[in-house]
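Fold and geometry: a report
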Amino acid sequence: MPFPTTMYLMSTKSYLAVLFVLAIGSITQSQAQDFKNQKELFWRPNADNSITWDLTRETRLPHNDNIELSGTQVSGIIRYEVDKAKQVHITRDILFPQLRKYTKSNESLYRAYLRDTYSDDLLPVLTLADKKYETGVLDSVRINGKISFYFKERDGLTVVRSFFPSMQDRCLVEKWTLINTGKTPHTVGIGATELKQEEAGWHGTYRRRVFSDAKRNVTLQPGKQYDFGIYFLATLNDEAEPPVSVAAIEQSRDTFLDSIATNLHLHSPDKVINTLFYFSKIRAAESIFRSRYGLVHSPGGGNYYVGIWANDQAEYSGPFFPYLGYQTGVQAAMNAYRIFQRNLPKDGGKIWASFEMDVTFPFGERDRGDAAMIAFGATHFLLASGDKKKAEELWPLITWCLDYCHKRTTPEGIVASESDELEGRFPSGSANLSTSSLYYGALIQAARLVRAMQKPAALSSTYQQRAQRVATAIEKHFGAEIEGLHTYKYYKENTTLRSWICLPLVVGLTQRKAGTLDALFGKLWSANGVLTERKPGTDSPQVFWDRGSLYAFRGAFKAGAADRALERLVSYSTTRLTGFRVPYAVEAWPENGMAHLSAESALYCRIFTEGILGLEPTGFNSFTLRPNLPTTWDYLTISKVRAFNTTFDVDLRRDKGKLQVKVVQQGKVVLQRALRNDMLVEVRLK
């Protein structure tokens, strides 16, 4: 079906009004997460990289939460509430992102994904001994890349309900496991579940079906179990329904999870951090969707699918995938950069900030510093990929973004941008610290990329000289005393502390390290990490965006403040993994109800590679390390790092006051040195 031209003709003002309505529709206190339990811990990490909520002695009820599970053509947000009687109530918000709907004339066409919410009313009725069987009291909940609800044994029968997506098809599965935990055989009757829906959409006729493959009667011997699936699937036009098998779909999910667990494996003394690192790999890697231009990574969270953004995809997640070695993610990152490159303005205007609606719809009313975001992310991605061919392909994108930033440089030497990634939610002036910091980091990495690609040395020198001028300008223009701290103002007129003052630390500018860390981990710190802005003496809500905290941790470790960063990182990780909103980093609050956007999870993992290890790529097969191991940790190992087109391990061990650093590439030691914390060492892989 052709793309409606009226969408392009909608006025900017009308379009932004639609966006505003969409935004404010999700930020009320009642719709956001319940904050009265924000300091409570509900979950415990297990040895097998899972977490469990034990309901047997739980008194803090009712309690509710949700988790998103994604495959390339489906995403399910499983919402659950456990009431005071320990009965669980589950709703399934199931989206088929590629299938977008018609809407009424007064509704927005924007993000109109085919989606619906299904309650437990459609579940099959179980009977035992000719009586209706109720699953009853919940015993525990387990999350391990899937989510499973375990019910207490009743009448010799135990029930487990698990949820997971198909990794390839438009299908989400609810798996039921019936276990005979008694001493005699049990015959269980299982009622039918069948629901069909049909409607017209942009691409034709959409058909959805909910059904079960359960046998009508099952006899279970003692100790035996029976599995069946409830399938939520969609088809387009005359497509045949995908073949469904609960075992095959779960095996596909497990294969994905196994690959994520094996590569880029973190081993530290902190079980919570190890587990959250693993979960972050899952969330970062699963949110990849088929599009008309191939696979693309998207944020998810109920709002953002089959689209790309200059911050989430180009800056946050793109540089992560080479380290994880997840080729689906690497392919998605390349596709995102290609889409930006394919749409470079020919009139010298700003680059688009995003492409949504199956990456057909470009958007970006104002320059958010997107060229700096893309250049910062793409240069890192290309170096870490270790692939000159990829670099040659994307070189026009790099040079365009750097040239655009150079043209936007003010007489003071900083880069002007009309906004930042928060898009007017908070003031950013006419030139902000974020854009200039990212441009500086991009220039440093671009100079390295020039050398790796064996381009003229003069170009590398030009980028290095520009970087030095930008660094000087950042100090002169943004350096300030705020609330008695030697730190940065976010823009010229800024008088409040802001979370993005961490960005100079992230790109290696440390002149104001002490005051900036005092601001981030002192005055701006909250139970949920770094606040976006501090306004003393006001009743302003405590707004936070997790990306600010995640960048702050990375910058603090990179700047040598390992002990201070670890204290706050442990606090944050404990809350996100075992607290009231689990098990991933979130987008923001109060906006969007603390959605589990996926690129934030990539940023969590980068705390360890770029923060604690201090890893910076310098070529297609080389990097530097500047490790900063906290004094309470005697070791940290990240094994099966898959960057630079090879596989290697990095091991840090404390021994006799020194830090023993070892890099092993495919079984061969390529570096073994005794260092002090915050000491630079170069590594060249074979």
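Attention in this report is confined to the structure presented alongside it. Please read all numbers here as calculations on a predicted model, not as lab measurements. (Residues numbered from 1 in each chain as written. Predicted model: local features only at pLDDT ≥ 70, side-chain atom pairs only at ≥ 80, totals over all residues. Heavy atoms only, no water.)

Some points on the packing of helix α5 (residues 310-317) against helix α7 (residues 327-342)
Worth spelling out the cut-off: Only the stretch in contact is used when a helix axis is fitted, and all axes are lines through C-alpha atoms; the angle between N-to-C directions ranges over 0 to 180 degrees. For helices the rule is a DSSP run of H or I covering at least 4 residues; for strands it is a run of E covering at least 2, with both sets numbered from the N terminus onward. For classification purposes, angles smaller than 35 degrees are called roughly parallel, those larger than 145 roughly antiparallel, those between 65 and 115 roughly perpendicular, and all remaining angles oblique. For a crossing to be left-handed, the near helix must be turned anticlockwise from the far one by less than a right angle; the clockwise case is right-handed. Residues are treated as being in contact if the distance between any of their heavy atoms lies within 4.5 Å. Note that Gly is not counted as nonpolar here; it falls among the polar residues with everything else outside the nonpolar set of Ala, Val, Leu, Ile, Met, Phe, Trp, Tyr, Cys and Pro and the charged set of Asp, Glu, Lys and Arg.
Following both chains from N to C, one finds α5 and α7 inclined at 125°, their axes separated by 10 Å at the closest point. Taken together, α5 and α7 sit at an angle that is classed as oblique. Two packed elements cross with a definite hand, and for α5 against α7 that hand is left-handed. Between α5 and α7, the contacting residues are Ala 310, Gln 313 and Ala 314 on the first element and Ala 336, Tyr 337 and Phe 340 on the second. The residue inventory of the contact of α5 with α7, partitioned by class, reads 5 nonpolar, 1 polar and no charged.

A few points about the sheet that holds strand β7 (residues 126-128)
Condition: Pairing between two strands is assigned when DSSP locates at least 2 bridges connecting them.
Ordered by their spatial adjacency, 4 strands build an open sheet running β8-β7-β13-β16, and the pairing between neighbours is antiparallel. The outermost strands of the open sheet, each flanked by one partner alone, are β8 (131-133) and β16 (217-220). Between one strand axis and the next, the sheet turns by 35° as a mean value, whatever way the strands run. Here β7 runs beside β8; their pairing, made up of 3 bridges, is antiparallel. Within β8, the position partnered with Thr 127 by the bridge is Lys 132.

Comments concerning the pattern of salt bridges
Close approach of charged atoms allows side chains of opposite charge to pair. Put simply, the rule is: Definition used for salt bridges: Asp or Glu carboxyl oxygen within 4 Å of a side-chain nitrogen of Lys or Arg. Burial classes follow relative accessibility: with a 1.4 Å probe on protein chains only, a residue under 20% of its type's maximum area counts as buried, one over 50% as exposed, and anything between as partly exposed.
All chains considered together, the criterion is met by 47 salt bridges. Between Glu 68 and Arg 283 there is a salt bridge, with its nearest N and O atoms 2.9 Å apart. Within this pair, whereas Glu 68 is found in strand β3 (residues 63-70), its partner Arg 283 is found in helix α4 (residues 271-286), the two being separated by 215 residues in sequence. As far as the burial class goes, Glu 68 and Arg 283 line up, both buried. Note that Arg 448 and Glu 616 form a salt bridge whose closest N and O atoms lie 3.0 Å from each other. With Arg 448 in helix α10 (residues 433-452) and Glu 616 in strand β32 (residues 616-617), this residue pair connects regions lying 168 residues apart in the sequence. Here Arg 448 falls in the buried class, since its relative accessible area comes to 15%. Salt bridges linked by common partners bring Lys 146, Lys 175, Asp 227, Glu 250 and Asp 254 together as one network.

Description of α4
Given 3.6 residues per helical turn, the α-helix brings residues three or four places apart onto the same face. For clarity, the threshold we go by: Here the expected span of a helix is defined as 1.5 Å times the quantity of residues minus one. What qualifies as a polar contact is a pair of N or O atoms within 3.5 Å, subject to a donor-acceptor requirement within protein and to the restriction that residues adjacent in sequence count only when both atoms come from side chains.
Between its first and last C-alpha, α4 extends 23 Å over 16 residues, near the 22 Å set by a 1.5 Å rise per residue. Of all 16 residues that make up α4, 15 are buried, and the element is covered over most of its length. N-cap assignment for α4: the residue whose side-chain oxygen lies 3.0 Å from the backbone N of Val 272 is Asp 270.

Considering the packing of aromatic side chains
This is how the line gets drawn: Geometry of aromatic contacts follows a simple scheme: Phe, Tyr and Trp rings, the Trp one being its six-membered ring, pair when their centres are within 6.5 Å, and the pair is stacked under 30 degrees between planes, edge-to-face over 60, tilted otherwise.
According to the stated counting rule, one finds 33 aromatic pairs in the structure shown. Their ring planes at 70° and their centres at 5.5 Å tell us that Tyr 80 and Phe 149 sit as a pair that is edge-to-face. Of this pair, Tyr 80 sits in strand β4 (residues 75-82) while Phe 149 sits in strand β10 (residues 147-151), placing them 69 residues apart in sequence. Each ring, one from Tyr 118 and one from Phe 232, has its centre 5.4 Å from the other, and the planes form 55°; the classification is tilted. Pair noted here: Tyr 118 is in strand β6 (residues 113-118) and Phe 232 is in strand β17 (residues 225-236), with a separation of 114 residues, a long-range link. Judged by relative accessible area, which is 2%, Phe 232 ranks as buried. Here the aromatic residues Tyr 323, Phe 623, Phe 644 and Phe 648 are joined through ring pairs into a cluster of three or more.

Comments concerning the sheet that holds strand β18 (residues 265-267)
One open sheet holds the 5 strands; their spatial order is β18-β34-β35-β36-β37, and the pairing between them is antiparallel. Looking at strand neighbours, the two that pair on one side only are β18 and β37 (668-675), the edges of this open sheet. Taking the axes of each pair of neighbouring strands and ignoring which way they run, one obtains an average angle of 10° across the sheet. Two strands pair when backbone bridges link them, and strand β36 (residues 658-665) and β37 are joined in this way by 7 bridges, in the antiparallel orientation. Across the sheet, residue Gln 660 finds its bridge partner in β37, namely Ala 674.

Structural notes on unusual backbone geometry
Following Val 582, the chain continues into Pro 583 via a peptide bond in cis, with omega recorded as 0°. In this chain, Trp 589 is followed by Pro 590 through a cis amide linkage whose omega measures 10°. Here Pro 590 is to be found in the loop between β31 (588-589) and α16 (598-612). The phi torsion at Phe 644 lies on the positive side, around 60°, for a residue other than glycine. Looking at where Phe 644 falls in the secondary structure, it is placed in the loop between β34 (635-641) and β35 (648-655). Relative accessible area serves as the criterion here: at 4%, Phe 644 is assigned to the buried category.

Points about the environment of Tyr 110
Structurally, Tyr 110 is set in the loop between β5 (88-100) and β6. Overall, Tyr 110 belongs to the buried group, its relative accessible area being 4%. Expressed as a C-alpha distance, the spacing of Tyr 110 and Arg 100, which sit 10 residues apart in the sequence, is 9.1 Å.

Re the nonpolar core
Using the following cut-off: By convention a nonpolar core is built from buried Ala, Val, Leu, Ile, Met, Phe, Trp, Tyr and Cys residues, the set being connected through side-chain atoms within 4.5 Å.
Core analysis: the largest hydrophobic core is formed by 208 residues, its most contacted members being Tyr 80, Ile 147, Phe 149, Leu 178, Tyr 604, Phe 608 and Leu 625. In terms of residue count, the dominant contributor to this core is helix α8 (residues 370-385) (11 residues). Beyond its immediate sequence surroundings of up to four residues, Tyr 604 is in contact with Ile 273, Leu 276, Phe 277, Ser 280, Leu 550, Leu 569, Tyr 572 and Ser 573. Formed by 8 residues, the second largest nonpolar core is a distinct cluster that contains Val 173, Phe 211, Leu 233 and Ile 249.

As for the packing of α8 against helix α9 (residues 388-407)
The geometry of α8 relative to α9 is characterised by a closest axis approach of 9 Å and an angle of 150° between their N-to-C directions. As summarised for this structure, α8 and α9 are arranged roughly antiparallel, according to the angle between their axes. Between α8 and α9 the crossing geometry is left-handed. Counting all contacts with α8, which are made through Ala 371, Ala 372, Ile 374, Ala 375, Ala 378, Thr 379, Phe 381, Leu 382 and Ser 385, the residues of α9 involved are Lys 390, Ala 391, Leu 394, Leu 397, Ile 398, Trp 400, Cys 401, Leu 402, Tyr 404 and Cys 405.

A word on the environment of Tyr 102
Along the polypeptide, Tyr 102 turns up in the loop between β5 and β6. For Tyr 102, a relative accessible area of 45% corresponds to the partly exposed category.

Looking at α10
Helix length check: α10 (20 residues) gives 29 Å between terminal C-alpha atoms against 28 Å at 1.5 Å per residue, within 8%. When you tally the buried positions in α10, you get 17 out of 20 residues, the bulk of the element. Where α10 begins, the side chain of Asn 432 points an oxygen toward the backbone nitrogen of Ser 434, at a separation of 3.1 Å. Positive phi shows up at Gln 454, right after α10, with a value of about 60°.

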